[in-house]
There are 2 protein chains.
Amino acid sequence: MLDVCLLGTAGMMPLPYRWLTSLMCRYNGSDLLIDCGEGTQIALAEKGWSPHSIDTMLFTHYHADHISGLPGMLLAMANGDRTAPLTICGPKGLARVVNSLRVIAPDLPFDIIYREINAPTEEFELGGYQITAFRVNHNVPCYGYSLFIPRLGKFDAEAAQAQNIPVKFWNALQHGESVTDEDGTEYTPDMVMGPARRGLKVTYTTDTRPTESIAVNAKGSDIFICEGMYCDRDKLKKAKTNKHMMFTEAASLAAKAEVSELWLTHFSPSLVGAEKHMKEVKKIFPNTILGKDGMTRELNFIDEE
Amino acid sequence: MLDVCLLGTAGMMPLPYRWLTSLMCRYNGSDLLIDCGEGTQIALAEKGWSPHSIDTMLFTHYHADHISGLPGMLLAMANGDRTAPLTICGPKGLARVVNSLRVIAPDLPFDIIYREINAPTEEFELGGYQITAFRVNHNVPCYGYSLFIPRLGKFDAEAAQAQNIPVKFWNALQHGESVTDEDGTEYTPDMVMGPARRGLKVTYTTDTRPTESIAVNAKGSDIFICEGMYCDRDKLKKAKTNKHMMFTEAASLAAKAEVSELWLTHFSPSLVGAEKHMKEVKKIFPNTILGKDGMTRELNFIDEE
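Every chain is numbered independently, its residues counted from 1 as its sequence is written. Here the convention is simple: chains get letters from A, ligands get numbers from 1, in the order in which they are written. Note on the predicted model: pLDDT of at least 70 is required for a residue's local features to be given, and 80 or more for side-chain atom pairs to be given and counted; whole-chain, interface and lining totals, by contrast, use all residues. The side-chain quantities take in all heavy atoms of the structure and omit both hydrogens and water.

Details of the overall build of chain A
And step 1. Check the secondary structure of chain A and you find 10 helices and 16 strands.
And step 2. Projecting the C-alpha coordinates of chain A onto the three principal axes gives extents of approximately 70 × 50 × 35 Å.
And step 3. When a residue's accessible area, from a 1.4 Å probe over protein chains only, is under 20% of the maximum for its type it is buried; when over 50% it is exposed; and in between it is partly exposed. Split into buried and exposed, the 305 residues of chain A put 57% on the buried side.
And step 4. For this analysis, residues touch if any pair of their heavy atoms sits within 4.5 Å. Restricting to contacts in chain A with at least 6 residues of sequence separation, those with at least 24 account for 65%.
And step 5. Total accessible area computed for chain A in this model is approximately 12,800 Å², and 50% of it derives from carbon and sulfur atoms.
And step 6. Charge counting treats Lys and Arg as positive and Asp and Glu as negative, with His and both chain ends excluded. Every charge is mapped onto a representative atom, which is NZ of Lys, CZ of Arg, CG of Asp or CD of Glu. Of the charged side chains in chain A, 30 are positive and 38 negative, and the gap between their average positions amounts to 12 Å. Counting from the N terminus, the helices are DSSP H or I runs at least four residues long and the strands are E runs at least two residues long. Reported accessibility uses the Shrake-Rupley method at a 1.4 Å probe radius. Residues are deemed covered only where the shown protein chains occlude them.

Written as structure tokens, this is what we have:
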């Protein structure tokens, strides 16, 4: 139902066989991309996916490793004859940065809608998701994103019958709409629907020190994708200076936010032998997964009886 | 002596396992790069080469597939602590385009020297090469480049002795310098040096229809790297419309320019099964080589006795 694909896992610079960190979410015919560094369009092609149906792009910030692939991606979308508008969200400076990069992609057959994010937390709906953008702590303005797909409560047919609600209205009520009968009787969804059920939630944050905003906004995520730039303990000072995270710090956030699973990504180019650190990391948060390029998970609503 | 590496062979968009077309030439500790599309820094890393020592970049034109990798490449050079200036050459608009792309790479520890090319043909020296930029025929201003490494004539020791030239001056004369003795006698290189010998020449042109300027400037090249966007005969109309070349047209240019060998590159993303067209192409120019990503040749002065 919701396909979540970590297209790349590199931080700072793309490497042979390690694409820059970005996330593609596919849901209900709408594709959403978070970050687009150099080579992201190739990572997408390797996956066998098309850039054509990307409706929404979210940018965490404007360091090159997170946006340098944008002109190429826009042109790839244009080559696919896209005409539907594309919505791009990102921190302050969005239109200026994107238009500057578009010096090499000036003519596109689709419009770009800019949604600049300025408040510490902003909530909005796009592409079928309830999106929360939350400010994190990097050396330039940077945001994390939570994507939430809500799930309505269960329809109670017995309650509908007991209240003599005509069957012709059941479908509308099930979809959250209120209806009024010819005689003026109003029926509302709460008359027949149980409490909202567990939806699907994915949280993505990279290029930041650990923050309270991450712990709060990642709360209860099915997948929490978080940067882990370094794993060797002696890199902690570097992590603090460059405003990045250690594996263990990401794991502590995952534990605090009580997520179902943590995917580590945005690895330093110097990082090798990450596996040997996973024992220590899993002590903090057992369900930690070392991100791999192209790693994909399909999330579905949990059957609740 | 001169290493010539075709880093990629793709035109229009990078593909999995086909990097965008660009050329790296390494000579005498100086590296020169022609074009830098999305992923070129990864192609370079795959080769095991560093971006650190790139002194000169030449751009044919500013379509994204030829320059989209520039910000990432500049940052990779910066990460390697480069401080020596970088010279960038390209058609009209050079500084505007590069500065616009640098919105995501604003702070570099080295200066950029711009050398904009405007005349139909311009000649200049850079990085040990005699470079000729020549205008070609694309749908935006576009240039091809010839790189020439000259070779002095042979030193004639007998002539030096016969003319009583002191031995202490021989080295200077061998290096093309004139010298004056204490008694005012002047010695010039032509007194002891034979005629200039065959140097090394590499010509690169892409994104163009065949032109007389290519045939003239590629004359006698050791390697002629030329675009071959299409090979199927039914693509000729498309080649003409989009200002690109067929394999056979590149081969005709190679024959006309009497080059030693032709490397085809800048293949259309739709191009598959190119090998089956090579028989026809080789009828026109036998020494045609279908470019492969990372293909490298070392050129050396030919021993002339």
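Some remarks on the interface of chain A and chain B
And step 1. Of the residues lining the interface, 30 residues belong to chain A; the matching set on chain B comes to 30 residues.
And step 2. When two components associate, each loses some accessible surface as probed by a 1.4 Å sphere; the sum of these losses over both components is called the buried area. Counting the surface lost from both chain A and chain B, the interface buries some 2,300 Å², and carbon and sulfur atoms represent 69% of this.
And step 3. We define a salt bridge as a side-chain nitrogen of Lys or Arg found within 4 Å of a carboxyl oxygen belonging to Asp or Glu. Summed over the shared surface of chain A and chain B, the result is 0 salt bridges.
And step 4. Pairing of N or O atoms within 3.5 Å defines a polar contact, subject to two protein rules: one partner must be a possible hydrogen donor and the other a possible acceptor, and residues neighboring in sequence count only if both atoms are side-chain atoms. Taken together, the links from chain A to chain B amount to 5 residue pairs in polar contact (both at pLDDT 80 or more).
And step 5. In terms of residue count, helix 1 (residues 40-46) of chain A provides more of the side of chain A that touches chain B than any other element does, 5 residues in total.

Overview of unusual backbone geometry
Trans is the prevailing form of peptide bonds, just as negative phi is the prevailing case for residues other than glycine.
Residues and elements named next belong to chain B.
And step 1. Residue Tyr 17 is not a glycine yet carries a positive backbone phi of 70°.
And step 2. On the secondary structure map, Tyr 17 appears in the loop between strand 1 (2-8) and strand 2 (22-27).
And step 3. Positive phi, normally seen in glycine, also occurs at Lys 243, with a value near 60°.
And step 4. Following the sequence through the fold, Lys 243 ends up in the loop between helix 8 (236-241) and helix 9 (247-256).
And step 5. What makes Lys 243 partly exposed here is its relative accessible area of 26%.

Here's the deal with the sheet that holds strand 8 (residues 129-135) of chain B
Residues and elements named next belong to chain B.
And step 1. A strand pair is defined by DSSP finding two or more bridges across the two strands. Here we have 7 strands laid out as an open sheet, ordered 7-8-9-12-13-14-15, and mixed in their pairing. Where the open sheet ends on each side, the last strands, each with one partner, are strand 7 (121-126) and strand 15 (288-290). Each neighbouring strand pair of the sheet contributes to a mean axis angle of 20°, computed without reference to strand direction. The axes used here are C-alpha line fits, helices contributing only the stretch in contact, and every angle between their N-to-C directions lies in the interval 0 to 180 degrees.

Side note on the sheet that holds strand 1 of chain B
Whenever strands of a sheet pair, they do so through backbone hydrogen bonds, lying parallel or antiparallel.
Residues and elements named next belong to chain B.
And step 1. With mixed pairing, 7 strands are arranged side by side in an open sheet as 6-5-4-3-2-1-16. Pairing within the sheet leaves two strands with one partner each, and these edge strands are strand 6 (112-117) and strand 16 (295-299). The average undirected angle you get between the axes of adjacent strands in this sheet is 15°.
And step 2. As judged from the 6 bridges shared by strand 1 and strand 2, these two strands associate in the antiparallel manner. For Gly 8, the partnering residue across the bridge sits in strand 2 and is Ser 22.
And step 3. Sheet contacts for helix 3 (residues 70-79): strand 3 (30-34), strand 4 (54-58), strand 5 (86-91) and strand 6; angle to strand 4, the most-contacted strand, approximately 170°.
And step 4. Running at roughly 140° to strand 6, helix 4 (residues 94-101) makes contact with strand 5 and strand 6 of the sheet.

Details of the confidence of the model for chain A
One rule of thumb: low pLDDT means the predicted coordinates there are not for detailed reading.
And step 1. Here chain A averages 95 in pLDDT, and 99% of its residues register 70 or above.
And step 2. This prediction of the complex comes with two scores: 0.92 for pTM and 0.90 for ipTM. Confidence of the prediction at every residue is given by pLDDT, a number between 0 and 100.

With respect to the packing of aromatic side chains
Residues and elements named next belong to chain B.
And step 1. Any two rings among Phe, Tyr and Trp, with Trp reduced to its six-membered ring, count as a pair given centres within 6.5 Å; such a pair is stacked if its planes are under 30 degrees apart, edge-to-face if over 60, and tilted if neither. Going through the model one piece at a time under the given rule, you end up with 9 aromatic pairs over all chains.
And step 2. Summarising the aromatic geometry, the rings of Tyr 27 and Tyr 129 are spaced 5.7 Å apart at their centres and angled 50° between planes, so their arrangement reads as tilted. With a gap of 102 residues between them, Tyr 27 in strand 2 and Tyr 129 in strand 8 connect regions that are remote in the sequence.
And step 3. A residue is classified by how much of its surface remains accessible, and Tyr 27, at 15% relative accessible area, is buried.
And step 4. Between the aromatic rings of Phe 155 and Trp 170, the centroid separation amounts to 5.2 Å while the plane-to-plane angle is 55°, which identifies the pairing as tilted. Taken together, the positions of Phe 155 in the loop between strand 9 (143-151) and helix 5 (157-162) and Trp 170 in helix 6 (residues 170-174) put the pair 15 residues apart, joining distant regions of the chain.

Examining the environment of Asp3(A)
Residues and elements named next belong to chain A.
And step 1. Mapping Asp 3 onto the fold places it in strand 1 (residues 2-8).
And step 2. Each C-alpha atom of the pair Asp 3 and Asn 300 lies 9.0 Å from the other, and the pair is 297 residues apart in sequence.
And step 3. Other than its neighbours up to four places away in sequence, Asp 3 contacts Met 24, Cys 25, Arg 26, Trp 49, Arg 297 and Glu 298.

Examining helix 3 (residues 70-79) of chain A
Residues and elements named next belong to chain A.
And step 1. Of all 10 residues in helix 3, 8 are buried; the element is thus mostly enclosed.
And step 2. Inspection of helix 3 places Leu 70, Pro 71, Gly 72, Met 73, Leu 74, Ala 76, Met 77 and Ala 78 among the buried residues, and these make up the whole buried set.
And step 3. Positive phi shows up at Asp 81, right after helix 3, with a value of about 60°.

Some points on the relation of the copies chain A and chain B
And step 1. Superposition of the copies was done by least squares, using only C-alpha atoms of residues whose pLDDT is at least 70 in both. When chain A is fitted to chain B, the residual RMSD is 0.0 Å, and the transformation amounts to a turn of 180° plus an axial shift of 0.0 Å. A rotation of that kind, with that shift, is consistent with a two-fold axis.
And step 2. Most of the interface of chain A is mirrored in chain B, where 100% of its interface residues are also at the interface.

Description of the environment of Asp107(A)
And step 1. For Asp107(A), the position within the fold is in the loop between helix 4 (94-101) and strand 6 (112-117).
And step 2. Sequence spacing of Asp107(A) and Lys235(A) is 128 residues, and the spatial spacing of their C-alpha atoms is 44 Å.

Side note on the state of the cysteines
And step 1. A pair of cysteine sulfur atoms is labelled a disulfide when the two atoms are within 2.5 Å. Throughout the structure, instances matching the rule amount to 0 disulfides over all chains.
And step 2. For Cys89(A), which is in no disulfide, the shortest distance to another cysteine sulfur is to Cys25(A) and amounts to 13 Å.
And step 3. Exposure remark for Cys89(A): the relative accessible area of 0% places this residue in the buried category.
And step 4. No disulfide involves Cys36(B); its sulfur sits 13 Å from the nearest other cysteine sulfur, which is in Cys5(B).
And step 5. Here Cys36(B) falls in the buried class, since its relative accessible area comes to 0%.

Some words on the pairing of strand 7 (residues 121-126) of chain A
All names here are of chain A.
And step 1. What you see with strand 7 is a clean split: Glu 122, Phe 124 and Leu 126 sit on the buried side and Thr 121, Glu 123 and Glu 125 on the side with no burial.
And step 2. As judged from the 6 bridges shared by strand 7 and strand 8 (residues 129-135), these two strands associate in the antiparallel manner. Within strand 8, the residue paired with Glu 125 across the bridge is Gln 130.
And step 3. The loop that links strand 7 with its antiparallel partner strand 8 comprises 2 residues; one of these, Gly 127, has a positive phi angle of about 55°.

Description of helix 9 (residues 247-256) of chain A
Given 3.6 residues per helical turn, the α-helix brings residues three or four places apart onto the same face.
All names here are of chain A.
And step 1. Residues Phe 247, Glu 249, Ala 250, Ala 251, Leu 253 and Ala 254 constitute the buried set of helix 9.
And step 2. Its buried side turned inward, helix 9 meets helix 7 (212-217), strand 13 (223-227), helix 8 (236-241), strand 14 (262-265), helix 10 (278-284) and strand 15 (288-290).
And step 3. Residue Glu 258 follows helix 9 closely and has a positive phi angle near 50°.

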